[in-house]
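Single-letter residue listing:
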Amino acid sequence: MNTAAALNTAEAKPLAFPIPANVYAETVVSVKHYTDRLFSFRITRPQSLRFRSGEFVMIGLPNAEKPVFRAYSVASPAWDEELEFFSIKVPDGPLTQHLQKIQPGDTVLMRQKATGTLVLDALTPAKRLFMISTGTGIAPFASLLRDPDTYERFEQVYLTHTCRDVAELTYGKELVSALAEDPLIGELTHGRVTLYSTTTREESPHMGRITTLIGSGKFYTDLGIDKLDPETDRVMICGSMHMLKDVKELAESLGFEEGSLSQPASFVVERAFVG
């Protein structure tokens, strides 16, 4: 069923609770389940919403007097007419146990401010950009990979995505393979984006934690590239708390410095999490 048909056949469900003040109430356009742990969804975009590619918003559901909100990176680029999100499913998660059941036509709440550290303006100019992600931490990079500004600022982009199982890598593979056909940035991405997918549990062509693969040099050998160098490279990191800590330490050991909007530098980390 296409998106339009899905919306047309979805019955508008009456809301049991009022929409809180200063919160957007948006409509689910489409939902795609990848595994029993991962799904993505698209919602309508408020006309007044402005955000930088790579930022996150606070998402909730109208299912309580005081809804639970969690941080979700916007996976769609800043120019998109809809908002895309990539989420885990936590059986007893305060939000995701309910969010994973949404269908086209349902209402999703969103606070009005977008924020976050994974933005291009927090990095100084360089030749190569490395996006290091685990699990749903790939979401902000899905936004940045579809933003023309990324290709204005960097010659080459390397996206790493590490998950436990092969099926969990599907979102990233589909994302990168679709870039060439993107009407806005397809030509810009030609020969400039490399995806490096790894698994930590199920057998796959590249196995292991990304810090181990970088530390051992296998990462560079597999891709046939020069080692990370703060003179030529910039690094963005998003994913599990453990990975953030390890990659941050690794980057700093190589001479990278953490940047921010007020003081751009050579790497940035996102510390907002979904639960």
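Attention in this report is confined to the structure presented alongside it. (Residues numbered from 1 in each chain as written. Predicted model: local features only at pLDDT ≥ 70, side-chain atom pairs only at ≥ 80, totals over all residues. Heavy atoms only, no water.)

### Considerations on the side chain of Arg-42
Phase 1 of the analysis: Within the secondary structure layout, Arg-42 lies in strand S2 (residues 38–44).
Phase 2 of the analysis: Here Arg-42 is in contact with Thr-27, Val-28, Val-29, Ser-30, Asp-80, Glu-82, Leu-83 and Glu-84, once residues within four sequence places are set aside. (Helix = DSSP H or I, 4+ residues; strand = E, 2+ residues; numbered from the N terminus. Contact = heavy atoms within 4.5 Å.)

### Some points on the packing of aromatic side chains
Phase 1 of the analysis: Inspection of every chain in the model, using the stated rule, returns eleven aromatic pairs.
Phase 2 of the analysis: Ring centres 6.4 Å apart and planes at 65° place the aromatic pair Phe-41 and Tyr-72 in the edge-to-face group. In this pair, Phe-41 sits in strand S2 while Tyr-72 sits in strand S4 (residues 70–73), placing the two residues 31 residues apart along the sequence. In this pair, the class of Phe-41 matches that of Tyr-72, namely buried.
Phase 3 of the analysis: Ring geometry for Tyr-196 and Phe-219: centres 5.0 Å apart, planes at 80°, overall edge-to-face. With Tyr-196 in strand S9 (residues 193–199) and Phe-219 in helix H8 (residues 218–223), the pair connects residues that are 23 residues apart, well separated along the chain.
Phase 4 of the analysis: Owing to a relative accessible area of 2%, Tyr-196 belongs among the buried residues under this scheme.
Phase 5 of the analysis: Under the relative-accessibility criterion, Phe-219 is labelled buried at 1%. (Phe/Tyr/Trp six-rings, centres within 6.5 Å; stacked < 30°, edge-to-face > 60°. Buried < 20%, exposed > 50% of the residue type's maximum accessible area, 1.4 Å probe, protein only.)

### Points about helix H5 (residues 170–179)
Phase 1 of the analysis: Of the residues making up H5, those classed as buried are Tyr-171, Gly-172, Leu-175, Val-176 and Leu-179. Here the buried residues of H5 occupy an arc of 120° about the axis, which is enough to place them on one side. (Arc of directions from axis to C-beta.)

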